[in-house]
Amino acid sequence: GDVFTYDPGFTSTASCDSEITFIDGDKGELWYRGYPIEQLAEKSHYLEVCYLLLHGELPSEEQMVDFENRITRHTMVHEQMHYFFRGFRRDSHPMATLVGVVGAMSAFYHDSLDINDPHHREVASIRLIAKLPTLAAMAFKYAMGQPFVYPKNDLDYASNFLHMCFSVPAENYKVDPALARAMDRIFTLHADHEQNASTSTVRLAGSSGANPFACIAAGIACLWGPAHGGANQAALEMLQEIGTVDRIPEYIKRAKDKDDPFRLMGFGHRVYKNFDPRAKVMKESADEVLDLLGIENNETLKVAKELERIALEDEYFVSKKLYPNVDFYSGIILSAIGFPTSMFTPIFALSRTVGWISQWKEMLSDPQNKIGRPRQLYVGSDKRDYVPVDKR
Ligand code: CMC
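Residues numbered from 1 in each chain as written. Predicted model: local features only at pLDDT ≥ 70, side-chain atom pairs only at ≥ 80, totals over all residues.

Going by an unreviewed UniProt entry, the protein chain carries the name Citrate synthase and comes from Paracoccus jeotgali. The protein chain has a UniProt comment under Sequence similarities (unreviewed entry) that states "Belongs to the citrate synthase family." Here the protein chain is described in UniProt, under the heading Pathway (unreviewed entry), as follows: "Carbohydrate metabolism; tricarboxylic acid cycle; isocitrate from oxaloacetate: step 1/2." (UniProt positions renumbered as here; feature names shortened; annotations may be inferred.)

Trainee: Which parts of the structure should I look at to understand helix α8 (residues 177-189)?
Mentor: In an α-helix, one full turn covers 3.6 residues, which means residues spaced three or four apart are oriented alike. Under the 1.5 Å per step criterion, the end-to-end length of α8 is 18 Å for 13 residues, consistent within 8% with the ideal 18 Å. For α8, the tally of buried residues reaches ten of 13 residues, placing the bulk of the element in the interior. L179, A180, A182, M183, D184, R185, I186, F187, T188 and L189 are the residues of α8 that are buried. Check the buried side of α8 and you find it contacts α1 (37-43), α2 (46-55), α7 (157-166), α13 (277-292), α16 (326-337) and α17 (344-364). (Helix = DSSP H or I, 4+ residues; strand = E, 2+ residues; numbered from the N terminus. Expected span 1.5 Å × (residues − 1). Buried ≥ 20, exposed ≤ 12 C-beta atoms within 10 Å, placed from the backbone. Contact = placed C-beta atoms within 7 Å.)

Trainee: I tried to follow the packing of α8 against α16 on my own but got confused; where do I start?
Mentor: Axis angle and axis distance: for two packed helices, these are the angle between their axes and the distance between the axes, and together they describe the pair. Contact pair α8 / α16: the axes reach a minimum separation of 11 Å and the direction vectors enclose 150°. Considering the angle they form, α8 stands roughly antiparallel to α16. In this structure, α8 meets α16 at a crossing whose hand is left-handed. Every residue of α16 that contacts α8 at L179, A182, M183, I186 and L189 is listed here: V326, S330, I333 and I337. For the contact of α8 with α16, the per-class residue count stands at eight nonpolar, one polar and no charged. (Axes fitted to C-alpha atoms, helices over the stretch in contact; angles between N-to-C directions. Parallel < 35°, antiparallel > 145°, perpendicular 65-115°, else oblique. Left-handed = near helix turned anticlockwise from the far one by under 90°. Nonpolar A, V, L, I, M, F, W, Y, C, P; charged D, E, K, R; others polar.)

Trainee: Would you mind showing me how to read the sheet that holds strand β2 (residues 29-32) here?
Mentor: Think of a sheet as strands paired side by side through backbone hydrogen bonds, with each pair either parallel or antiparallel. If you trace the three strands from one edge of the open sheet to the other, you get β1-β2-β3, paired in antiparallel fashion. Every interior strand has two partners, whereas the edge strands, β1 (21-24) and β3 (35-36), have only one. (Pairing = 2+ DSSP bridges.)

Trainee: Looking at this structure, I do not really get the domain arrangement of the protein chain. What am I missing?
Mentor: The extent of an interface is frequently quoted as the accessible surface area lost upon association of the parts. Segmenting the protein chain into domains produces domain 1 (15-225 + 343-364) and domain 2 (231-337). On a C-alpha basis, the centroid separation for the pair domain 1 and domain 2 is 26 Å. Between domain 1 and domain 2, the residue contacts involve 21 residues of the former and 23 residues of the latter. If you tally residues by element for the side of domain 1 that touches domain 2, the top one is α8, at seven residues. A breakdown of the residues in the side of domain 1 that touches domain 2 according to their chemical character gives 13 nonpolar, three polar and five charged. (Domains from an automatic or database assignment.)

Now the structure itself:
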């Protein structure tokens, strides 16, 4: 019969050519379209990064204004979506709500579903980038029992998101520009990461010709798992569970125990075997935000820093090349801003949407593109005859 390469977890299989994102796991490097992540996090801003990922080049001033206008024109969601939200229980996890409402976008926006029409593709992309913050904020408000807050289009992307999450109609909420900057940086650091599990899911879903909203909903579903995007929630909850520095050794011991399924959440990465460059930027950002908010001696941060110090010196973690990843520090910033842990993964999802779309578009315009269809090594029963139930 046919002979197949066996590669569980795809540790050595390239599924596509891509011009979007480059990772060097040994050197700890990450570039979007050739630009190092550190430079983009410091000097650029999220919507400019979105333009770069989608179009391949940094925008001129005029192109940037035009792109921002197109995004802000699409930040509102169809009013009927409000009713759709009301079908969910208030105590649903916001990721559960998000998978549902993003999937439902194909039912609300069927004038942009034709993937063979470049105009449809463009409108669907803009809609997704523009509406994901609105939908994530609505999931947050809904869970808190507060009224939905409409987008405010004179605010930048990150400020608008904070406004939709934290503004309450009876009060005059003002977005702190420094927190908006930290939020924007979190978006930028999560914007793309080449062929990770959720991106590969989006590509695989898209390879059958499925519409973009359905594909992004598939990506969100995959991202939710604790080994992937769900790790940011799990990491902060782990730090809170550890609680105090003196309890760290107990958890380190558990993480090393082969018979204990416990892992240090926010540690390790399939590709980064030196350090995660996103974690470096995130750590600096966490210090800045806590400083700014006057949060001193934050117990969780103390636990995080001490855990990192101990793990980096521990033979187990050193030999397995396990370092803090992006999710280790992002939760500290998000909780300082005021988000509950259940919102961490929805924020990852909205940040990654542009990466998913850029990869989906690249795939559709690739002449090599065909439906993704892995094979298997069959290890089941040999051919056999059916036995009636009274003879079994
Ligand atoms: N704590 C303790 N041991 C670990 C950890 C950890 N966090 N991560 C890996 N190991 C061990 C693992 O037990 C295995 O040991 P052995 O070789 O003795 O069996 C070895 O290190 C290699 O691990 P693996 O699971 O084969 O590696 P992988 O490349 O399949 O997994 C990973 C990568 C990120 C899923 C894994 O490191 C992990 O589960 N980390 C915790 C969850 C996490 O933080 N995920 C976020 C990843 S970055 C952002 C994102 O993708 O969303």
